[in-house]
Amino acid sequence: MIGIDMSPYFIQVGQRLLELEPKSMFPTDDDDDDDDVGRWINTIRRDERIELRVGDAAATGLADDSVDVVNLQFVAHELPS
């Protein structure tokens, strides 16, 4: 998975979140410590397959037909009208 953002700051935020590996908001049966439950929407786990890059989503440098899924979040308000 490749995450692309034009802001080096938000790439650093993403990298830090992966370092912290916060718990899920939903307790699991094997979760003895429920103190952190509810702080995060999804479980985040460090994974060597995740790459975060500073870049322009309109010019990723990825080969044509090399991507299966694209997810844009917090982008629509940045697009020209």
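Below you will find a few notes about this structure. Predicted model, so just to flag it, every value in this text is computed and none were measured.

### Some points on the overall build of the chain
Phase 1 of the analysis: Looking only at helices and strands, the chain has one helix and two strands in total.
Phase 2 of the analysis: Secondary structure elements in the chain, listed N-terminal to C-terminal, are β-α-β.
Phase 3 of the analysis: With 81 residues in all, the chain has 11% of them scored as buried.
Phase 4 of the analysis: Partitioning the contacts of the chain with sequence separation of at least 6, the portion at a separation of at least 24 is 56%.
Phase 5 of the analysis: When the accessible surface of the chain is totalled, it reaches about 7200 Å², and 51% of it is carbon and sulfur.

### A short note on the pattern of salt bridges
Phase 1 of the analysis: A full pass over the atoms with the stated rule returns two salt bridges.
Phase 2 of the analysis: Between Glu 19 and Arg 16 there is a salt bridge, and its shortest N-O distance comes to 3.2 Å. Taken together, the residues span about one helical turn, with Glu 19 and Arg 16 both in helix α1 (residues 8-20) at a distance of three residues.
Phase 3 of the analysis: Arg 53 is the salt-bridge partner of Glu 51, the closest N and O atoms lying 2.7 Å from each other.
Phase 4 of the analysis: A residue is classified by how much of its surface remains accessible, and Arg 53, at 26% relative accessible area, is partly exposed.

### Focus: a nonpolar patch on the surface
Phase 1 of the analysis: Taken together, Val 67, Val 70 and Leu 72 make up a surface patch of nonpolar side chains, about 300 Å² in accessible area.
Phase 2 of the analysis: Inspection of the secondary structure assignment puts Leu 72 in the segment after β2 (51-54).

### Re unusual backbone geometry
Phase 1 of the analysis: Phi is positive for Asp 65, which is not a glycine, with a value near 60 degrees.
Phase 2 of the analysis: Mapped onto the elements of the fold, Asp 65 is located in the segment after β2.

### A closer look at the environment of Glu 48
Phase 1 of the analysis: Within the secondary structure layout, Glu 48 lies in the loop between α1 and β2.
Phase 2 of the analysis: Glu 48 sits in the exposed class, given a relative accessible area of 77%.
Phase 3 of the analysis: Separated by 47 residues in the primary sequence, Glu 48 and Met 1 place their C-alpha atoms 9.4 Å from one another.

What counts and what doesn't
For every chain, the first residue of the written sequence is number 1, and numbering continues from 1 along that sequence. With pLDDT at 70 or above as the cut-off, local features in this predicted model cover only qualifying residues; side-chain atom pairs require 80 or more to be listed or tallied, and sums for whole chains, interfaces and linings still use all residues. Hydrogen atoms and water are omitted, and side-chain values are computed over all heavy atoms in the structure. Strands are runs of DSSP state E lasting at least two residues, helices are runs of H or I lasting at least four, and both sets are numbered from the N terminus onward. Buried means the residue's accessible area, taken with a 1.4 Å probe over protein chains only, is under 20% of the maximum for its type, while exposed means over 50%, and partly exposed covers the values in between. What makes two residues a contact is simply this: any of their non-hydrogen atoms within 4.5 Å. Here the accessible surface of atoms and residues is derived via Shrake-Rupley with a 1.4 Å probe, and residues count as covered only by protein chains that are part of the display. Here, a salt bridge means any Lys or Arg side-chain nitrogen found within 4 Å of an Asp or Glu carboxyl oxygen. Like-charged residues within 9 Å of one another, or nonpolar side chains (Val, Leu, Ile, Met, Phe, Trp, Tyr) within 5 Å, are grouped into patches, provided each residue has over 30% relative accessible area and no salt bridge.

From the geometry alone we can't say anything about function, so treat these as descriptive.
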